[in-house]
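Below are the chains, spelled out letter by letter.
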Amino acid sequence: MNIRSLTRGDGVVIGAAVLLFIASFLGTFDCSGSQCDDVPTAWDNGSLLLGFYLAGIIGAALIVLSRALPQPPKVIGLDLGQLGVALTLFTAWSALGAIFDPAGPLNADGFSPDSGTGLILGFIAALALAAGAVCTLLVPVFKAPLLGAPRPAAPQPYGMQPQGGYGYPGAQQQPYGAQPGQPQPYGAHAGAPQAAQPGPHAAPAPGPADASQGGAPSDFAPFWFAVPVARPLYGEDGSPTPIAELAPGTWYLAVEQRGPGLVAQTQDGRRGVLQDTSGIQRG
């Protein structure tokens, strides 16, 4: 689960769901007299609790899960996000009915109370919940990432060892065959491979890559990048099924140019083709 894939609209949905949960503990209606000694809450009315408050909270949870999970499951053939949006719209509709008729069947015998704090606050939360869910699909400003991508590591002074780990620019790469903590020769740059020592069984140095053998172009240099929105990563064999999803806020390594796309490597070592490279941020 990657929380950096959440959008601003998801932030509105989460905030509205928290407000809806708080409103469920407040009074359903506001009245005066002997009949209002113990004002009920939503937890005293099963239909109001399930059709209004819990429906909205469950809808918000489905929307967030559909965004945070790399491959969200489907329920009755629908994506979790689609089902969550439908539940938020149903919550707003139920809230409207509860505001107009807060007492329900208790209206008999001249008992007609006003809407209480729980219904009013829940109605506002339900409208914000539905608006956030719909605007996330339609309004570009709500599609922006909730948490921005981290900035690349600042250049280190000469002689300083770069900090970081795999998946972030500036990470130190160990030379092939070197042991962790092994000192490097004087004047060698951090992460640069050491020259092989001559010996009786030393292999000849490989020649320049031949473009006719299917190698990467000689002028391509690997670089780190981040995507602005979640994008699928397809297999190098041309399969139409994605093998992974690149999420915003995470740095990935581009290892090869493949036509208009890039061959990217994920943190777990999987490689695939990123076909849509528009708007990527280079590290």
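Coordinates for the structure precede this section.
Below: a short report on this structure. Fair warning: this is a prediction, and the values are worked out from it, not measured in the lab.

**Focus on the overall build of the protein chain**
For step 1, the next point in the chain: Within the protein chain one finds five helices and eleven strands.
For step 2, the next point in the chain: Out of the 283 residues in the protein chain, the part that is buried amounts to 32%.
For step 3, the next point in the chain: By sequence separation, contacts in the protein chain at least 24 residues apart represent 62% of the contacts at least 6 residues apart.
For step 4, the next point in the chain: For the protein chain, the exposed surface amounts to about 16,800 Å²; the carbon and sulfur share of it is 61%.

**A word on the layout of surface pockets**
To find the voids left in a structure, one rolls a probe of water-molecule size over its atoms.
For step 1, the next point in the chain: Considered as a void within the structure, the largest pocket measures approximately 540 Å³ in volume.
For step 2, the next point in the chain: Lining the largest pocket we find 26 residues, and of these Ser5, Ser66, Arg67, Ala230 and Glu245 sit closest to its centre.
For step 3, the next point in the chain: Elements with a contribution of two residues or more to the lining of the largest pocket: α2 (46–68), α3 (80–100) and α4 (117–138).
For step 4, the next point in the chain: Here the residues of the lining of the largest pocket are counted per class, giving 14 nonpolar, six polar and six charged.

**Overview of the packing of α3 against α4**
For step 1, the next point in the chain: Contact geometry of α3 with α4 gives a least axis separation of 8 Å together with a crossing angle of 150°. Judged by the angle between their axes, α3 and α4 are roughly antiparallel. The way α3 lies across α4 gives a crossing that is left-handed. Judged by residue contacts, Val85, Thr88, Leu89, Thr91, Ala92, Ala95, Leu96, Ala98 and Ile99 of α3 engage Leu119, Ile120, Phe123, Ala126, Leu127, Leu129, Ala130, Ala133, Val134 and Leu137 from α4.
For step 2, the next point in the chain: When grouped by side-chain class, the residues that make up the contact of α3 with α4 number 17 nonpolar, two polar and no charged.

**Here we look at the pattern of salt bridges**
For step 1, the next point in the chain: Across all of its chains, the model carries seven salt bridges by this definition.
For step 2, the next point in the chain: Between arginine 231 and aspartate 276 there is a salt bridge, and its shortest N-O distance comes to 3.6 Å. Of this pair, arginine 231 sits in strand β6 (residues 231–234) while aspartate 276 sits in the loop between β10 (271–274) and β11 (281–282), and the two are 45 residues apart along the sequence.
For step 3, the next point in the chain: For arginine 231, a relative accessible area of 7% gives the class buried.
For step 4, the next point in the chain: Using a relative accessible area of 38% as the deciding quantity, one classes aspartate 276 as partly exposed.
For step 5, the next point in the chain: The shortest N-O distance in the salt bridge between arginine 271 and glutamate 256 comes to 3.8 Å. Here glutamate 256 lies in strand β8 (residues 252–258) and arginine 271 lies in strand β10, a separation of 15 residues in the sequence.
For step 6, the next point in the chain: Judged by its relative accessible area of 14%, glutamate 256 falls in the buried class.
For step 7, the next point in the chain: Several salt bridges share partner residues, and in doing so they unite Glu236, Glu256, Arg258 and Arg271 into one network.

Parameters at a glance
- Residues numbered from 1 in each chain as written.
- Predicted model: local features only at pLDDT ≥ 70, side-chain atom pairs only at ≥ 80, totals over all residues.
- Heavy atoms only, no water.
- Helix = DSSP H or I, 4+ residues; strand = E, 2+ residues; numbered from the N terminus.
- Buried < 20%, exposed > 50% of the residue type's maximum accessible area, 1.4 Å probe, protein only.
- Contact = heavy atoms within 4.5 Å.
- Areas by Shrake-Rupley, 256 points an atom, 1.4 Å probe, with all protein chains shown as cover.
- 1 Å grid on protein atoms, 1.4 Å probe; cavity = no way out; pocket = protein on both sides within 12 Å on 5 of 7 lines; lining within 4 Å.
- Points joined across faces, edges and corners; volume = space filled by probe spheres on them.
- Nonpolar A, V, L, I, M, F, W, Y, C, P; charged D, E, K, R; others polar.
- Axes fitted to C-alpha atoms, helices over the stretch in contact; angles between N-to-C directions.
- Parallel < 35°, antiparallel > 145°, perpendicular 65-115°, else oblique.
- Left-handed = near helix turned anticlockwise from the far one by under 90°.
- Salt bridge = Lys/Arg side-chain N within 4 Å of Asp/Glu carboxyl O.

None of this, on its own, says anything about what the molecule does.
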